[in-house]
Amino acid sequence: MSEIRRMLIFVILLMMGFGSFLLPSVSAHVVSEKDWLNDPHDHGDAKIVYLKAYQFGFSIKAIQEGSQLEVFPEGSEPSILKVDKGDRVVFRIISEDVTHGFYIDGYSPSPVDQKIVIQPGKIVEVGPITFDRSGKFKIRCSVTCGPLHPFMVGDIRVNPNFGYYSYAAGSLLAGILTLAYLRRGPVNRMLGISLEKEVDLLRVRGIGPILKRILQWRGFHFAVIWPGLLIFAVVIVAGFVGNPVGNKNFSIAVVWILWFALVEFMILFAGRSWCTVCPLPALGEWIARRRLYGVHRIRKWFTFGLKWPGSLNNMWLGSLLFLTMSLIIPWLVTRPVVSGLLFVILISVGTILYITHPPRNFCRSICPAGAYIGHDSNASIYSVRSRDKGICDLHKAKECIRGSPEGYGCPWRLYPGGHDENTYCGQCYECLKSCPLDNMTVKIRMIGKDLAHMAVKAKNRFDEAWMSFIRFTLGIFYILVFFGPYAWIKDWGNMGVNFGANLASIGLLVPGIEGVVNWFRWAIMVAGVSLVVYPAIFYAFSWISKKVAKAEEDTKRIFLAFSYGLIPYIVFIWVAFAVAILLVFWVYPITAFSDPLGWGWNLLGFKFKWDPIHPQSLPYVLSSLAILGMALSINSTYNIAREMFKDHSRAYRATSVMALLHVVSAIVFVWVVAG
Amino acid sequence: MKGEPKNHRELFQKINDVLVRRYWNRLAWFENQPLSSDKVCKPVHEVFDYVLSAIKMGLDKRSETAYCGSLFLYSVLRETQRRFTSDVNEANELHEVGKELALFLWNGLEKEFSENDQVNLTARIEKLKSEISDYLWNEFSKIRFRRLEGQNE
């Protein structure tokens, strides 16, 4: 009878939500500070890990195993705790500077239910935790502790790390399988799907006509831009007067978490759709046209009409600005005032340039986001194209260039009827409005459709090649910096002092000398890898490809052409980064809408708290995305080679060499996220 | 320009031919609604108004006359309750005629404007406008009359 009663109590407790005791045992209690290292505790067979939390990392100071105490006087760097599957571990944690939190992906209970807080001067004991699943798990700070708080992480590697070995082997296997598929010599196909197949979205029954009406409606552009402009205004105000702690400030949470992540998904599924809604050049455009959305009947433009220099008519400036922004990214994405300032500069430059050098030369050649979005969107499934190029050729008036009473000519200075790449198409849909033949449409196609012919005709497009290298290397760098256990990289990029508490630098723009020196090291490292080291490796592989394929083309041409093959890889690596950001930090942008300035408001009555969504699966989700990108990239390289050499055998041999580089890159990526 | 009309009569004839084929044929001939000269000559009038404004504002002749071609085309499309045409020849013909008309007007009017003779400019444009309107209305009336006669038979 008593057994039955106990069972009933168990079930009732479970239904009432008291089932959390089924989670790995995690408890926290406060003991005195002197007990920390000097008074080792006895927790039976459990390892005791003495962990120091600081801005912005976790450092292992000592590990006690039975009566043996291994001390790391300077703390462990990188912050990786290696345990074996089945080990029981007790964490004795101390904070060096400010109040921190403690959370382990997949092992801690939800921080909403039980938040472990580590206050300075007190020791918190957590555990014992039994690490019964192998893999890589992040230790995260769960209490906002300063600008780089979201990226305050350490690693726990539970050996044997089968996940990592499987995914590393999976990268190799995926490379081999892709090559085995390509051996059959598929023409114009991507992983089995024909690149010829396209869907004319505006003729899809049901949604097509509605979409067409919306896109051809003159007010459409204005309707999607003004909410963005409003958000940008809040971003600027929040940047200057809001809470200096990044994740509590609208300018950081919405721009560098929500926007940054969503743009990567937009690139894949909607091409340059961000450029459709981007408010940066909007003011200039409205002033120049003297209209918010209508077509100005008498086409007197309010501009100086200066000609854009031909030497700037490429992606160099945008690429280098993107790299420059990336060099200050740990600073930019954590200091609201820096973000606010950046947007004031971008809006001012965008507006002034539209008036002095119309139309969208700022978007084409300067905007760092426009540069990478345009470049990557060549691997998008979305494109704005003509239905029938023959009709465009026959049509003499070319309203898509010159404009018509219904729409302006392409402000991106393209011939929309003939273009076949997304690089400089800003998806403003003016061509859809101005074409009297209804020959412009939106097409959905397979990833990488345009890459082969783009690559083959790309002579001397070094700007686009280097954009590929910058984006590819930075994709991996960002994951390493923001989600890696290497505190020194964060400190270098953050202009902080290595291993130091950066309390004094919160919200400040002027770092110390040591911080500047560290930043220069970081800048040389990041710029060196993306501008020199990886391109050099890529060139070497291109040269070997040429030799192996016995190709007549010169190495430069092969090198430039194959750089386009990287684009699907880049897109998927950045989508992986976006997934990591969204699953872990989803709460920050949502709460920022309710409290834009980070002043403790709750305008929308939200009750969300930081609680990552299944973070323990991130290493595998991210690895899978990178491997998919790699396979697409190998296939794209083959398509490019096939178009260039006009011969399967040569193309296959050249692709095999490049595939080796792509597989190695995938293994490096898998090591970064899961190893 | 290849095929450019040598004089204004030739141009009027060309406009007339294109309007018959591409515009008037689509108007509701046999409906009871009255068709005014303004409705019949709407595309031409729009080009007149635009050219006058563009000259006064000192806009570029080449790009604005090309734009007038589109203006002419879109005017026909609008008046025939269409947003697009699927016929590329129709688009080309209407554009070409509109552009030639604009060029003819521009060449005729820019002399007055350069001499800053606003009164003369307005008077000239009104004269030209009524001249071409009368011509087109007469042509239209003849065609309409023939069609109505054919219908009654």
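All residue numbers here refer to positions counted from 1 along the written sequence of the relevant chain. Chains and ligands are labelled by the order in which they are written, letters from A for the one and numbers from 1 for the other. With the structure being a predicted model, the display of local features is reserved for residues of pLDDT at least 70 and the display and counting of side-chain atom pairs for 80 or more, all residues being used for whole-chain, interface and lining totals. The side-chain quantities take in all heavy atoms of the structure and omit both hydrogens and water.

1. Concerning the overall build of chain B
In terms of regular secondary structure, chain B is built from six helices and zero strands. Put simply, chain B has 153 residues, and 49% of those count as buried. In chain B, the share of contacts with a sequence separation of at least 24, taken over all contacts with a separation of at least 6, comes to 77%. Note on conventions: DSSP H or I runs of at least 4 residues are helices, E runs of at least 2 residues are strands, and numbering of each starts at the N terminus. Burial status follows relative accessibility: with a 1.4 Å probe on protein chains alone, a residue under 20% of its type maximum counts as buried, one over 50% as exposed, and anything between as partly exposed. Contacts between residues were defined by any pair of non-hydrogen atoms, one from each residue, lying within 4.5 Å.

2. Comments concerning the overall build of chain A
The secondary structure content of chain A amounts to 24 helices and 18 strands. Its C-alpha atoms give chain A a radius of gyration of 27 Å, within 12% of the compact-globule value 26 Å for 675 residues. Expressed as lengths along the three principal axes of its C-alpha atoms, the size of chain A is roughly 85 × 65 × 60 Å. Residues classed as buried in chain A amount to 61% of the 675 residues present. For the accessible areas, the method is Shrake-Rupley and the probe is 1.4 Å, while residue cover comes only from the protein chains on display. Just so you have it, chain A exposes about 26,300 Å², and 66% of that area is on carbon and sulfur atoms. Lys and Arg are tallied as positive, Asp and Glu as negative. Neither His nor the chain termini are counted. By convention, charge coordinates are those of NZ in Lys, CZ in Arg, CG in Asp, or CD in Glu. One finds the centroid of the 66 positive side-chain charges in chain A at a distance of 11 Å from the centroid of its 45 negative side-chain charges. Within these notes, the globule rule equals 2.2 Å times the number of residues to the 0.38 power, and the radius of gyration is based on C-alpha atoms.

3. With respect to the sheet that holds strand β18 (residues 440–445) of chain A
Strand-to-strand pairing in sheets goes through backbone hydrogen bonds, with the strands running parallel or antiparallel. Residues and elements named next belong to chain A. Paired strands, as defined in this entry, are two strands with at least two bridges between them according to DSSP. Ordered by their spatial adjacency, three strands build an open sheet running β14-β18-β15, and the pairing between neighbours is antiparallel. Bordering the open sheet on either side are β14 (198–200) and β15 (382–386), each of which pairs with just one other strand. When the angles between neighbouring strand axes are averaged without regard to direction, this sheet yields 40°. Pairing of β14 with β18, which is carried by three bridges, proceeds in the antiparallel orientation. Counted as the bridge partner of V199 is I444 from β18. In this description, a line fitted to the C-alpha atoms serves as the axis of each element, helices being fitted only across the stretch in contact, and the angle between N-to-C directions of two axes falls anywhere from 0 to 180 degrees.

4. Things to note about the packing of aromatic side chains
Residues and elements named next belong to chain A. Any two rings among Phe, Tyr and Trp, with Trp reduced to its six-membered ring, count as a pair given centres within 6.5 Å; such a pair is stacked if its planes are under 30 degrees apart, edge-to-face if over 60, and tilted if neither. Tallied over the full model, the rule gives 55 aromatic pairs over all chains. Taking 5.9 Å as the distance between ring centres and 80° as the angle between the ring planes, the aromatic pair formed by W586 and F608 counts as edge-to-face. Here the residue W586 occupies a position in the loop between α21 (567–585) and α22 (587–594), and F608 occupies one in the loop between α22 and α23 (618–645), the gap between them amounting to 22 residues. A residue is classified by how much of its surface remains accessible, and F608, at 39% relative accessible area, is partly exposed. Geometrically, a lysine NZ or arginine CZ counts as sitting over a ring once it is within 6 Å of the ring centre and also within 35 degrees of the ring normal. Taking the ring centre of Y408 as reference, the NZ or CZ of R289 above it sits at 3.8 Å. Looking at R364, its charged tip hangs above the ring of Y424, at a distance of 4.3 Å from the centre.

5. A few points about the interface of chain A and chain B
Counting residues at the interface gives 24 residues for chain A and 25 residues for chain B. Put simply, buried area is how much 1.4 Å-probe accessible surface two parts lose in total, over both of them, once they are put together. When the two sides are added together, the surface that chain A and chain B hide from each other amounts to roughly 2,100 Å², 60% of it contributed by carbon and sulfur. Whenever Lys or Arg places a side-chain nitrogen within 4 Å of a carboxyl oxygen from Asp or Glu, that contact is recorded as a salt bridge. The interface formed by chain A and chain B contains one salt bridge. Between K396 of chain A and E96 of chain B there is a salt bridge, with the nearest N and O atoms lying 3.9 Å from each other. Two N or O atoms form a polar contact when they lie within 3.5 Å of each other; inside protein one atom must be a possible hydrogen donor and the other a possible acceptor, and for residues adjacent in sequence the pair counts only when both atoms belong to side chains. For the interface between chain A and chain B, the tally reads six residue pairs in polar contact (both at pLDDT 80 or more). Elements with a contribution of two residues or more to the side of chain A that touches chain B: α3 (207–216), α13 (389–394), α14 (399–402), β16 (403–404) and α15 (430–434) of chain A. Per-element tally for the side of chain A that touches chain B: the top contributor is α15 of chain A, with three residues. Class assignment of the residues belonging to the side of chain A that touches chain B gives a composition of nine nonpolar, five polar and ten charged. Asp, Glu, Lys and Arg are counted as charged, while Ala, Val, Leu, Ile, Met, Phe, Trp, Tyr, Cys and Pro are counted as nonpolar; the rest, among them Gly, fall into the polar class.

6. Description of the packing of α23 of chain A against helix α24 (residues 648–674) of chain A
Helix-helix packing is characterised by the crossing angle of the two axes and by the distance between the axes. All names here are of chain A. Look at α23 against α24: their axes get within 8 Å of each other, and the N-to-C directions meet at 165°. As far as their axial angle goes, α24 and α23 are roughly antiparallel. With respect to the hand of their crossing, α23 and α24 are arranged in right-handed fashion. Roughly parallel covers angles under 35 degrees, roughly antiparallel covers those over 145, roughly perpendicular covers 65 to 115, and oblique covers all other angles. Handedness of a crossing follows from how the near helix is turned relative to the far one, being left-handed for an anticlockwise turn of less than a right angle and right-handed for a clockwise one.

7. Quick word on the layout of surface pockets
Any residue with an atom within 4 Å of a point lines the site, the site being either a cavity, points on a 1 Å grid over the protein atoms alone where a 1.4 Å probe fits but cannot get out, or a pocket, an open set with protein on both sides within 12 Å along at least 5 of 7 lines. Grid points are joined across faces, edges and corners, and a volume is the space filled by probe spheres set on the points. Within this model, the largest pocket holds a volume of roughly 880 Å³. Taken together, 31 residues make up the lining of the largest pocket; nearest its centre are W301, P359, I401 and R402 of chain A together with S63 of chain B. Those elements giving two or more residues to the lining of the largest pocket turn out to be α14, β16 and β17 (407–408) of chain A together with α4 (61–79) of chain B. Here the element with the most residues in the lining of the largest pocket is α4 of chain B; it accounts for four residues. Looking at the lining of the largest pocket residue by residue, the classes come out as 14 nonpolar, ten polar and seven charged. By volume, the second largest pocket amounts to about 530 Å³.

8. So, the side chain of D97 of chain A
Residue and element names in this part refer to chain A. Inspection of the secondary structure puts D97 in the loop between β6 (88–95) and β7 (100–104). Of the side chains with opposite charge, K52 lies nearest to the buried D97, which makes no salt bridge, at 7.9 Å. Polar contacts involving the side chain of D97 include one to the main-chain amide nitrogen of Q55, which spans 2.9 Å.

9. Re the nonpolar core
The criterion is simple. A nonpolar core is a set of buried Ala, Val, Leu, Ile, Met, Phe, Trp, Tyr and Cys residues joined through side-chain atoms within 4.5 Å. If you look at the biggest cluster of nonpolar residues, it comprises 243 residues, and the most contacted ones within it are F91, F102, F131, W256 and Y372 of chain A together with I15 and W24 of chain B. In terms of residues, this core owes the most to one element, α21 of chain A, which gives 16 residues.

10. Quick word on the domain arrangement of chain A
Residues and elements named next belong to chain A. Segmentation of chain A into domains returns domain 1 (25–159), domain 2 (182–194 + 454–674) and domain 3 (198–445). Summed over both sides, the interface of domain 2 with domain 3 buries roughly 4,400 Å², with 75% coming from carbon and sulfur. Put simply, domain 2 and domain 3 have four salt bridges between them. Across the salt bridge formed by E264 and R471, the nearest N and O atoms sit 3.2 Å from each other. The tally of links from domain 2 across to domain 3 stands at 14 residue pairs in polar contact (both at pLDDT 80 or more). Looking at the side of domain 2 that touches domain 3, the elements with two or more residues in it are α16 (451–457), α17 (462–483), α19 (513–549), α21 and α22. When residues of the side of domain 2 that touches domain 3 are assigned to their parent elements, the largest contribution, 13 residues, is made by α21. Residue ranges assigned to each domain were obtained from an automatic or database domain assignment.

11. A short note on the environment of F559 of chain A
Residue and element names in this part refer to chain A. The topology assignment puts F559 in helix α20 (residues 555–563). Take F559: its relative accessible area is 3%, and that puts it in the buried class. F559 sits 16 residues away from W543 along the chain, and the two C-alpha atoms are 7.7 Å apart. Excluding residues within four positions of it along the chain, F559 makes contact with W466, F469, P535, F538, Y539 and S542.

12. Description of the confidence of the model for chain B
Averaged over all residues, the pLDDT of chain B is 85; the fraction at 70 or higher stands at 88%. Confidence scores per residue from the predictor, reported as pLDDT, run from 0 to 100. At the low end of the mean pLDDT range in chain B sits helix α6 (residues 118–152) of chain B, at 82; at the high end sits α4 of chain B, at 93.

13. What about the sheet that holds strand β11 (residues 153–159) of chain A?
Residues and elements named next belong to chain A. One open sheet holds the five strands; their spatial order is β5-β11-β10-β7-β8, and the pairing between them is mixed. Unpaired on one side and paired on the other, β5 (80–84) and β8 (116–118) mark the two borders of the sheet. Taken over all neighbouring pairs, the strand axes of this sheet differ in orientation by 25° on average, direction set aside. Pairing geometry for β7 and β8, over three bridges, is antiparallel. Its bridge partner lying in β8, G101 is registered against V117.

14. Quick word on the pattern of salt bridges
Residues and elements named next belong to chain A. As enumerated under the stated definition, the model contains 38 salt bridges over all chains in all. Note that R133 and D132 form a salt bridge whose closest N and O atoms lie 3.6 Å from each other. By relative accessible area, R133 is classed as partly exposed at 33%. A relative accessible area of 43% places D132 in the partly exposed class. Between E430 and R218 there is a salt bridge, with its nearest N and O atoms 2.8 Å apart. Of this pair, E430 sits in helix α15 while R218 sits in the loop between α3 and α4 (220–241), and the two are 212 residues apart along the sequence.

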